[in-house]
Amino acid sequence: MNIYTTKYPVILVHGIIAKDFSFYHAFRKIREKLASNHVHVYIGNHDGIGSIENNARQLKTQILEILKTENTDKINIIAHSKGGLDSRYMISKLDMEKHVASLTTLSTPHHGSKLASHLLELPNFIVKILCFWSNLFYKIMDDKNPDLLQVGKDLSYESMINFNREIVNSKEIFYQSYSSSLRKSRQFLMFIPYHLTKFIESEDTDGLVSVSSSVWGDYKGNTSGNFDHAEIIAFFGNKKRIEQVTEFYLKLVLELKELGF
């Protein structure tokens, strides 16, 4: 058996926007790296801008199919951003506790996004226009139930307070989390979000999610390399940075294996 082959298969769960498009696959280089090291790895095919509840239901359906294919009863989840919230809801609300061995979250806004709260305070006509065109685009891109407005409400600081009261960790599952902290934005497209979130959150962020909001379960600190919110799924980055992030995922998988997962 290969050094990186875990006891249970691995599913990589994306957050908002980074859907597994036909023209751009989420976690593309990461999936290739893990698969080349004999990891049984899958990619979440849930909606790009679906609500937490919607995506959790889609994720459950896919995972049950994976378990049947792999002839196993559990899976390891490595989730980025909102994908961690979708996964937590699925575990707690959709009777999936017995089918998840571990949940690793990367830059997941467990304690809400003040940025989301501020965006919801924009004039109503602006919010409606943004949501209409975003929902239309993702509908064309095969989202089943795109709902950007509900996503914003789900991620708001206020909503996550109630979410965490209701969605608690299972004692049967290993939970761990990573944050990321940037000194400056390395990517042009992350420049505005980085400075905006750093101002709104009043603390270090990865360009979208604050360090404190990323903390959940066994908190492991910042990712090695301090990747920004897009780099950590290899959405952007030069060859060196992509290699660094794929090595980070290999290290994650090896640690899960050593823990018996």
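Look up: the structure comes first, before these words.
Residues numbered from 1 in each chain as written. Predicted model: local features only at pLDDT ≥ 70, side-chain atom pairs only at ≥ 80, totals over all residues. Heavy atoms only, no water.

### Overview of the sheet that holds strand S4 (residues 100–106)
Piece 1. Strands sit in the order S2-S1-S3-S4-S5-S6 across an open sheet of 6 strands; the sheet is parallel. The sheet is open, and its two borders are formed by strand S2 (41–43) and strand S6 (218–222), each paired with just one other strand. On average, each strand axis in the sheet is tilted by 20 degrees relative to the strand beside it, whichever way the strands run.
Piece 2. Bridge count for strand S1 (residues 10–13) against strand S3 (residues 75–80) is 4 bridges, and the pairing is parallel. Within the sheet, the bridge partner assigned to Ile11 lies in S3 and is Ile77.
Piece 3. Relative to the sheet, helix H2 (residues 52–70) contacts S1, S2 and S3, its axis offset from that of S1 by approximately 160 degrees. (Pairing = 2+ DSSP bridges. Helix = DSSP H or I, 4+ residues; strand = E, 2+ residues; numbered from the N terminus. Axes fitted to C-alpha atoms, helices over the stretch in contact; angles between N-to-C directions. Contact = heavy atoms within 4.5 Å.)

### Observations regarding the side chain of Asp206
Piece 1. Tracing the backbone through its elements, the reader meets Asp206 in the loop between helix H8 (191–201) and S6.
Piece 2. In this structure Asp206 comes out as buried when scored by relative accessible area, which is 0%.
Piece 3. At 2.8 Å, the side chain of Asp206 and the side chain of Ser107 are in polar contact.
Piece 4. At 2.8 Å, the side chain of Asp206 forms a polar contact with the backbone nitrogen of Val209. (Buried < 20%, exposed > 50% of the residue type's maximum accessible area, 1.4 Å probe, protein only. Polar contact = N/O pair within 3.5 Å; in protein donor to acceptor, adjacent residues only side chain to side chain.)

### Focus on helix H9 (residues 239–258)
Piece 1. For H9, spanning 20 residues, the distance from its first C-alpha to its last is 29 Å, which sits close to the expected 28 Å at 1.5 Å a residue.
Piece 2. By the burial criterion, the buried members of H9 are Arg241, Ile242, Val245, Thr246, Phe248, Tyr249, Leu250, Leu252, Val253 and Leu256.
Piece 3. Those residues of H9 hidden inside the fold are in contact with S1, helix H1 (28–36), S3, S4 and strand S5 (174–179).
Piece 4. Backbone geometry just after H9 places Gly260 at a positive phi near 95 degrees. (Expected span 1.5 Å × (residues − 1).)

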